[in-house]
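Observations on chain architecture
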Amino acid sequence: MEIKTVSVGPITNFYAVVENGKTMLIDTGCYLNQPGWTLKTVMSGIDLSTVSLIVLTHGHMDHAGGIHHAKTITGAPVMAHPGCETFLNTGKFTWYIPRNELGQAFYDNIAAPAPVDVPEPVAIDIPVTEETDLHPYGFSGKVILTPGHTLDAISVVMDSGECFVGDTVLDPFGEGICTFAVLSLDNEALKESGQKLLDAGLKCAYSGHGGPFTRAQVEEAFFNLKDHNG
Ligand SMILES: [Fe+2]
């Protein structure tokens, strides 16, 4: 298994997992309405003809904004929680809620989440509402539900312990910290999701922003989340 990180802008990532000649995209980045944005330019070195599955960690523009483009050029089915549908159909997404001071600082520093220009609605081909085995799709892992940051958040957990966590764990400012989502729609669900990721055997967390993070970093972040809302 090979993991390729694709960076979009300074601290936003999406990923390609290559296994036995097949490629799974985990998120698709965002073209932010820039006409020149293409997967081919940001994913040099990845054979797009081998992409057989696209998993969206959640329906936020910086993770799923490029989905129409990605689906069009790869033809791969889209796996996502049904809660992504609103974004995929309209470009609108759930308003962020800062969870703590860091979240407020992050919130104050990002642009208002205006709807993205979705060229055409994109259907979810494989809706995920429960833990889902990826072996039938050719990848040695599973998808688990990890709500909190958003209610449609899912994570990919490989059998080897590599986890793709979207914004459930992140470095919000690219300053080398590791924290659980600083913008959250359900703090209790976020805590449960953190426990679930650790229980699933997380060894390394590949995040939508910053990272990757070691298990020790995620454990410390989880301790801070549980005990200090940090
Ligand atoms: Fe997000």
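Report on the accompanying structure. (Residues numbered from 1 in each chain as written. Predicted model: local features only at pLDDT ≥ 70, side-chain atom pairs only at ≥ 80, totals over all residues.)

Moving on to the environment of leucine 48. Along the chain, the position of leucine 48 falls in the loop between α1 (39–42) and β4 (51–55). Exposure remark for leucine 48: the 16 C-beta atoms within 10 Å place this residue in the partly exposed category. Distance from leucine 48 to alanine 16, taken between C-alpha atoms, is 9.9 Å for residues 32 residues apart in sequence. (Helix = DSSP H or I, 4+ residues; strand = E, 2+ residues; numbered from the N terminus. Buried ≥ 20, exposed ≤ 12 C-beta atoms within 10 Å, placed from the backbone.)

This part is about the sheet that holds strand β13 (residues 204–207). Ordered in space as β7-β8-β9-β10-β13-β14, the 6 strands form an open sheet in which the pairing is mixed. With partners counted over all chains shown, the strands left at the sheet margins are β7 (132–133) and β14 (213–214), one partner each. (Pairing = 2+ DSSP bridges.)

Attention now goes to unusual backbone geometry. A cis amide bond, omega 5 degrees, links glycine 211 with the succeeding residue proline 212. Among the structural elements, proline 212 can be located in the loop between β13 and β14. At asparagine 20, a position not held by glycine, the phi torsion is positive, near 50 degrees. In this fold, asparagine 20 is placed in the loop between β2 (12–19) and β3 (22–26). Using a count of 9 C-beta atoms within 10 Å as the deciding quantity, one classes asparagine 20 as exposed. In this structure, aspartate 27 is a non-glycine residue whose phi angle is positive, near 70 degrees. With respect to the helices, strands and loops of the structure, aspartate 27 is situated in the loop between β3 and α1. Aspartate 27 sits in the buried class, given 29 other C-beta atoms within 10 Å.

Further remarks concern the sheet that holds strand β5 (residues 78–80). The strands making up a sheet associate through backbone hydrogen bonding, with each pair oriented either parallel or antiparallel. Strands sit in the order β1-β2-β3-β4-β5-β6 across an open sheet of 6 strands; the sheet is mixed. The strands lining the two open edges of the sheet, one partner per strand, are β1 (2–8) and β6 (126–127). With 4 bridges joining them, β3 and β4 adopt parallel strand pairing. Along β4, the bridge assignment pairs isoleucine 26 with valine 55. Lying on the sheet, helix α3 (residues 67–74) is in contact with β3, β4 and β5; it crosses β4 at an angle near 160 degrees. (Contact = placed C-beta atoms within 7 Å. Axes fitted to C-alpha atoms, helices over the stretch in contact; angles between N-to-C directions.)

Let us look at α3. For an α-helix the count is 3.6 residues per turn, leaving residues at separations of three or four pointing the same way. Along α3, the residues classified as buried are Ile67, His68, Ala70, Lys71 and Thr74. Along the axis of α3, the buried residues cluster in a sector spanning 165 degrees; they form a single face. Where α3 ends, the next residue or the one after it, glycine 75, has phi of about 70 degrees, a positive value. (Arc of directions from axis to C-beta.)

Turning our eyes to something else, we now look at the pairing of strand β8 (residues 141–145). A regular strand places its side chains so that they alternate between the two faces of the sheet. Pairing of β7 with β8 involves 2 bridges; the strand directions are antiparallel. Across the sheet, threonine 132 pairs through a bridge with valine 143, a residue of β8. As paired strands, β8 and strand β9 (residues 154–158) are joined by 5 bridges and run antiparallel to one another. Looking at β9, one finds that lysine 142 is bridged to valine 157.

Orientation of helix α6 (residues 187–199) relative to helix α7 (residues 215–228), taken along the N-to-C sense of each, is 155 degrees, at an axis distance of 10 Å. One element, α6, and the other, α7, form an angle in the roughly antiparallel class. Helix-helix and strand crossings are classified by hand; for α6 and α7 the assignment is left-handed. Together, Leu190, Lys191, Gly194 and Leu198 of α6 and Val218, Glu219, Phe222, Leu225 and Lys226 of α7 make up the contact between the two elements. (Parallel < 35°, antiparallel > 145°, perpendicular 65-115°, else oblique. Left-handed = near helix turned anticlockwise from the far one by under 90°.)

These results come straight from atomic positions and should not be treated as a statement about function.
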